[in-house]
Amino acid sequence: MTDQTPAELTRSQKNRLVVMLCVILTFTVMNGTMFNVAIPDIAEDFQLLPSQVTWVMTGYILVFAVGALMYGKLADMFPIKRILTIGIILFAAGATLGLFSQNYAMLLAARIIQATGGATIPALAFIIPARFMPKERGRVFGTVSATVAFASGLGPITGGLIGGAFDWRYLFILSILSLLTLPFLRKWIPDEETRSGRIDFIGALLIASAVAGLLFFITAFSLTGLAFFALAMLLFILHIRRHPAPFIDPSMLKDKYYTTAVMTSFLGTSVMFGMIFIVPIMARAVYGLSTIEIGLLLFPGALGAAVIGQRGGRLVESRGSFPVLQLAFLLAVAGSLLISIFIGIPPFLLALCILVQYVAFPLIQSSTANLLTELVPKEKTGVGIGMFNLMNFLSGAVSSAIFGAFLDLQETSLQLNPIAIYDGLALYSNLFLAISLTAVGALLLFTRQFRKRKRPAL
């Protein structure tokens, strides 16, 4: 097996590849957010509590998270074209099973199969620009992040239309259509040779087990889940000390800048996933909105995020990641605080508050991804971006599980936000206040560590 540096792509080749990458990303992201607005319908069909139905998202994200790092590691060894082909086929196969799901167990199995394949797409969407378009990576990261943000808002609209007019199971049809992108991706992704390396499957299994135990503890307050988490983490730590190529490379985590960037991304993504998870449930409980109306509530934010994300990528290239990421967290703090204060106002006004927080999402993604490519050696780009994706999706799983557990309370009389304008909505106001404080913590952590770091010369 030999190493090979991919040939430089022409401008037209890069443009075609970016377009197709954005198309397949749209299918993947919509697959997640379409089911966000369908959560109330799924819970009603299968008679589930919020903490139970959250596993439609949490189980998907859990497999996605571990898969993102696994595929990142595989991308350092095997051709991206081959990995993506397998992933898209699995993604569509899981969707086919979900289309015919008759019970909750069958639905969860479909989502896990989907996640097994779908994890290749966001993982490689950030690796492909870093590998094949290094000079334009900031701009491409912005385009990719804008696509993710826009698709996350297009998903609720599409989910609302399809779920409202037919049945939530029909949402899987769009994921099956992702197969149409496969011939183009195989044609436009450059050929690569296989490189040497080893995969730590035992480490991957142990970290997946640890996260599953943690999420079970959060959702069910199970001490068994907590014990399982502690045992799996202990075994994982002992394992990576002996393995020559561990699933998570301890040497990378010793870099304080890399570790801080990954943790900042973890907190930032938990802020965004928390908002996207809570809003549909809140919209149904507080406003009595239909599935279609929930999609319309989220759509302005997604559209704004798409526009800002495009410009944010160019801003990252010209100004660097530091100021863009600071701006993103300020927007996240402001948006979630506005929602906490004004829950209960007419939905079209609440949509403006959601817009403020939503536009932070692509800026966090593009600036952090660009920062990590500056911090990680070229030969470890795959695993470096893989860790970034792992922590992002774990944050989504953990935040969804935590918020789902709190939403089981149904209501609370304790109002933590003293300037919230409506009484009787304390539960949702408190949750968005917590999201705002999380964004503040991420901003302080990042600023303190990176304030004195100089931007490397391009």
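Above this text sits the structure in question.
These lines cover the structure that appears in this document, whether it is placed above or below.

## What about the overall build of the protein chain?
So, point 1. When its secondary structure is counted, the protein chain shows 19 helices and zero strands.
So, point 2. For a compact globule of 458 residues, the expected C-alpha radius of gyration is about 23 Å, and the protein chain comes in at 21 Å, within 12% of that figure.
So, point 3. With the C-alpha coordinates of the protein chain rotated into their principal frame, the extents come out at 65 × 50 × 50 Å.
So, point 4. Long-range contacts, defined as pairs at least 24 residues apart, comprise 84% of the intrachain contacts of the protein chain with a sequence gap of at least 6.
So, point 5. Accessible surface computed for the protein chain: about 18,600 Å², of which carbon and sulfur atoms make up 67%.
So, point 6. Across the protein chain, the 32 positively charged side chains and the 21 negatively charged ones have centroids separated by 11 Å.

## Some words on the environment of S145
So, point 1. Along the chain, S145 turns up in helix 7 (residues 137–165).
So, point 2. As a C-alpha pair, S145 and A305 span 160 residues in sequence and 8.9 Å in three-dimensional space.

## With respect to a nonpolar patch on the surface
So, point 1. Nonpolar side chains collect at one region of the surface, where F166, Y170, I173, L177 and L180 lie side by side and expose about 510 Å² of accessible area between them.
So, point 2. Counting through the fold element by element, L177 comes out in the loop between helix 8 (172–176) and helix 9 (182–188).
So, point 3. When its relative accessible area of 35% is taken as the criterion, L177 is described as partly exposed.

## Section: the packing of aromatic side chains
So, point 1. If you walk through the whole model with that rule in mind, you get seven aromatic pairs.
So, point 2. Look at F184 and W188: their rings are 5.6 Å apart centre to centre, the planes differ by 40 degrees, and that puts the pair in the tilted class. Taken together, the residues F184 and W188, both in helix 9 and four residues apart, mark about one turn of the helix.
So, point 3. An aromatic cluster of at least three residues, connected via ring pairs, comprises Y257, F322, F446 and F450.

## Some thoughts on the pattern of salt bridges
So, point 1. Under the definition given, this model contains four salt bridges.
So, point 2. For R169, the salt bridge is made with D45, and the minimal N-O distance between the two is 4.0 Å. Taken as a pair, R169 in the loop between helix 7 and helix 8 and D45 in helix 1 (residues 11–46) lie far apart in primary sequence, 124 residues in all.
So, point 3. Overall, R169 belongs to the buried group, its relative accessible area being 16%.
So, point 4. A residue is classified by how much of its surface remains accessible, and D45, at 42% relative accessible area, is partly exposed.
So, point 5. Ionic pairing is found between R131 and E192, a salt bridge with its closest N-O pair at 2.8 Å. Here E192 lies in the loop between helix 9 and helix 10 (201–220) and R131 lies in helix 6 (residues 120–132), a separation of 61 residues in the sequence. You'll find R131 and E192 in the same group, each marked buried.

## Let's talk about the side chain of T147
So, point 1. Within the secondary structure layout, T147 lies in helix 7.
So, point 2. Not counting the four nearest positions on each side in its chain, T147 is found in contact with C22, L25 and T26.

## Here's the deal with the packing of helix 13 (residues 256–287) against helix 14 (residues 291–319)
So, point 1. Contact pair helix 13 / helix 14: the axes reach a minimum separation of 10 Å and the direction vectors enclose 135 degrees. Regarding the angle of helix 13 to helix 14, the classification is oblique. Viewed along their axes, helix 13 and helix 14 form a crossing whose handedness is right-handed. Contacts from M275, V279, P280, A283 and R284 of helix 13 reach helix 14 at T291, I294, L297 and L298.

## Overview of the environment of R139
So, point 1. Assignment of secondary structure puts R139 in helix 7.
So, point 2. What makes R139 partly exposed here is its relative accessible area of 41%.

## Some words on empty space enclosed by the protein
So, point 1. One pass over the full model with this rule turns up two cavities of 30 Å³ or more.
So, point 2. Each pocket or cavity is described by its volume, and for the largest cavity that value is around 440 Å³.
So, point 3. The set of elements that each furnish at least two residues to the lining of the largest cavity consists of helix 1, helix 3 (55–75), helix 6, helix 7, helix 13, helix 17 (360–375) and helix 18 (381–407).
So, point 4. Residue classes in the lining of the largest cavity are distributed as 14 nonpolar, nine polar and one charged.
So, point 5. Empty space within the second largest cavity amounts to approximately 30 Å³.
So, point 6. Together, L372, T373, V376, T381, G384 and I385 line the second largest cavity.
So, point 7. The set of elements that each furnish at least two residues to the lining of the second largest cavity consists of helix 17 and helix 18.
So, point 8. If you tally residues by element for the lining of the second largest cavity, the top one is helix 18, at three residues.
So, point 9. Taken together, the residues of the lining of the second largest cavity sort by class into three nonpolar, three polar and no charged.

Cut-off values and rules
- Residues numbered from 1 in each chain as written.
- Predicted model: local features only at pLDDT ≥ 70, side-chain atom pairs only at ≥ 80, totals over all residues.
- Heavy atoms only, no water.
- Helix = DSSP H or I, 4+ residues; strand = E, 2+ residues; numbered from the N terminus.
- Rg over C-alpha atoms; globule rule 2.2 N^0.38 Å.
- Contact = heavy atoms within 4.5 Å.
- Areas by Shrake-Rupley, 256 points an atom, 1.4 Å probe, with all protein chains shown as cover.
- Lys, Arg positive; Asp, Glu negative; His and termini not counted.
- Charge placed at Lys NZ, Arg CZ, Asp CG, Glu CD.
- Patch = residues over 30% accessible without salt bridge, like charges linked within 9 Å, V, L, I, M, F, W, Y side chains within 5 Å.
- Salt bridge = Lys/Arg side-chain N within 4 Å of Asp/Glu carboxyl O.
- Buried < 20%, exposed > 50% of the residue type's maximum accessible area, 1.4 Å probe, protein only.
- Phe/Tyr/Trp six-rings, centres within 6.5 Å; stacked < 30°, edge-to-face > 60°.
- Axes fitted to C-alpha atoms, helices over the stretch in contact; angles between N-to-C directions.
- Parallel < 35°, antiparallel > 145°, perpendicular 65-115°, else oblique.
- Left-handed = near helix turned anticlockwise from the far one by under 90°.
- 1 Å grid on protein atoms, 1.4 Å probe; cavity = no way out; pocket = protein on both sides within 12 Å on 5 of 7 lines; lining within 4 Å.
- Points joined across faces, edges and corners; volume = space filled by probe spheres on them.
- Nonpolar A, V, L, I, M, F, W, Y, C, P; charged D, E, K, R; others polar.

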